[in-house]
Every structure is written in structure tokens, then in C-alpha cells.
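Observations on chain architecture
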Amino acid sequence: EAGVTQSPTHLIKTRGQQATLRCSPISGHTSVYWYQQALGLGLQFLLWYDEGEERNRGNFPPRFSGRQFPNYSSELNVNALELEDSALYLCATREAGDSGNTIYFGEGSWLTVV
Amino acid sequence: DAKTTQPPSMDCAEGRAANLPCNHSTISGNEYVYWYRQIHSQGPQYIIHGLKNNETNEMASLIITEDRKSSTLILPHATLRDTAVYYCIVRPRASNYQLIWGAGTKLIIKP
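Residues numbered from 1 in each chain as written. Chains lettered and ligands numbered in written order. Predicted model: local features only at pLDDT ≥ 70, side-chain atom pairs only at ≥ 80, totals over all residues. Heavy atoms only, no water.

1. A word on the overall build of chain B
- Across its full length, chain B carries zero helices and nine strands.
- The order of helices and strands in chain B, counted from the N terminus, is β-β-β-β-β-β-β-β-β.
- In terms of C-alpha radius of gyration, chain B reaches 13 Å, essentially the compact-globule figure of 13 Å for 111 residues.
- On the principal axes, the C-alpha backbone points of chain B span a range of 40 × 30 × 25 Å.
- Counting over 111 residues, chain B shows a buried share of 47%.
- The centroid of the 11 positive side-chain charges in chain B is displaced by 3 Å from the centroid of its 9 negative side-chain charges. (Helix = DSSP H or I, 4+ residues; strand = E, 2+ residues; numbered from the N terminus. Rg over C-alpha atoms; globule rule 2.2 N^0.38 Å. Buried < 20%, exposed > 50% of the residue type's maximum accessible area, 1.4 Å probe, protein only. Lys, Arg positive; Asp, Glu negative; His and termini not counted. Charge placed at Lys NZ, Arg CZ, Asp CG, Glu CD.)

Spelled out as C-alpha cells, the structure:
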């Protein structure tokens, strides 16, 4: 069974540009979570999508946004990129309902802003 | 959500059992203890979780104290590939999974 897949693996952008990161969940998983991990630091919660809707967001500015598609895949968009946005962006997914006790992570997308 | 406290780093000899402690003294009755590990900035890998009882799977064992204020992750026969940062996380049962991640424990397995 395929795990959580993320693309691209690496992305280099210049300050002020926009970045789009993508996540495909494990089959049967309907919830998608996005996390940011700056180099050497812990994971910071960004966004949670479930059944196509944004359910919650972390303490990040509005230029961090995303969406979830009918097939439950998700995009994370970062507008007006700043140097401090350089980080590993991780997507995690879980099953729907009470049986979905565990979230599983993809390998992440490295975003470098220069 | 309850916070966790872990030692910043630990060493273990290859082939020996690695015992990673975690304190979660403010844990509530409906909160699970989860363990993940992250190998050199790859995506975190799920290891094990538990509520009250001790748990074991093919990767590790989780020992939770009777008062649930601390737990220990045991890797029974550590290999060099177990070198990673190990995160202990407490999650409410009906959580939306906005897991609060601490700094974890950097486990170094030495040959």
C-alpha cells in the first residue's frame, strides 16, 4: 500500500514568489494535516483539512493557505515568500472517524527561499 | 493539551535495549501517549501509542506507569538505523490531531 506522497521533494524560490506543495493521502484517509519544520526545530502545525474543508489552522499568517480536493489530496500554497519560510513542509493523513487514531507522514517537501 | 518532557539526547550501544523516557505529568484520562521518530529530517515515522496498558509491536514496546505520568519507549535490540530523534506526544482522545511537538530525544546508537 502506498504511503503519503508529497511533491516536489525540493523547491527553490525567490523572495516574493509563490510556492505550491502537494500531498496525496494513503488510500482511505480523508484528513490531511500540514506541518512546517524549520531546520533544527520541531514541527509546527499549519493547517488541517477534512472532507474538503479547512477545519483549523495554526499560528501562521494568511499567506499560508491550502485546499483539499474531492479525492482528498491537498495543496499548500505559500504566497509572498519570505526567507524564513525556508523549511521542511510535512503532510500527514489519517482515516476518517474514530478508527483513525494515528496520523502518518509523508517524506516532506524542502522549500528554500533565496 | 498536556506537555511532555524528554531528555535532549541519549546514547545506546548497538544490540542493547534503548530505553527512552518521557514525562507527561499533566496528562488527562482521555489522552493517548504517542511515539514517533524522525531520521535525519525525513518525515516522522509512527512507532507506537497507548492509553493505559503497556503496548508492544514489531518496532518497540511502550511502558506506561500506573499513574500515567510517565512512559518509556523500549527498542529491544537497537541497531545503527535506530539513530534518530524520538518524539513523545500526548494527544487527547477526541483531538483534531494538532499534535504539539517538543524537541524530542536525539538517540545515538553506537557500534
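2. With respect to the side chain of Gln36(A)
- On the secondary structure map, Gln36(A) appears in strand E4 (residues 29-37).
- Among all residues touching Gln36(A), those that are not within four sequence positions of it are Gly42(A), Leu43(A), Gln44(A), Leu46(A), Phe60(A), Phe64(A), Glu84(A), Asp85(A), Ala87(A), Leu88(A) and Tyr89(A). (Contact = heavy atoms within 4.5 Å.)

3. Overview of the layout of surface pockets
- In this structure, the largest pocket spans a volume of roughly 310 Å³.
- For the largest pocket, the lining is made up of 16 residues, of which Gln37(A), Gly40(A), Leu41(A), Val85(B) and Tyr87(B) are closest to its centre.
- The computed volume of the second largest pocket comes to approximately 230 Å³.
- For the second largest pocket, the lining is made up of 16 residues, of which Phe105(A), Glu107(A), Pro44(B), Gln45(B) and Tyr46(B) are closest to its centre.
- Only strand E10 (104-105) of chain A together with strand E3 (31-38) and strand E4 (45-50) of chain B provide two or more residues apiece to the lining of the second largest pocket. (1 Å grid on protein atoms, 1.4 Å probe; cavity = no way out; pocket = protein on both sides within 12 Å on 5 of 7 lines; lining within 4 Å. Points joined across faces, edges and corners; volume = space filled by probe spheres on them.)

4. Overview of the sheet that holds strand E3 (residues 19-24) of chain A
All names here are of chain A.
- Spatial ordering of the open sheet is given by E1-E3-E8-E7, a layout of four strands whose pairing is antiparallel. Edge positions in the sheet fall to strand E1 (5-7) and strand E7 (64-68), since each of these pairs with one other strand and no more. Pairs of neighbouring strands in the sheet enclose a mean axial angle of 15°, with direction left out of account.
- Two elements, E7 and strand E8 (residues 74-78), share five bridges in a ladder whose sense is antiparallel. Bridge pairing in E8 links Ser-65 to Asn-77. (Pairing = 2+ DSSP bridges. Axes fitted to C-alpha atoms, helices over the stretch in contact; angles between N-to-C directions.)

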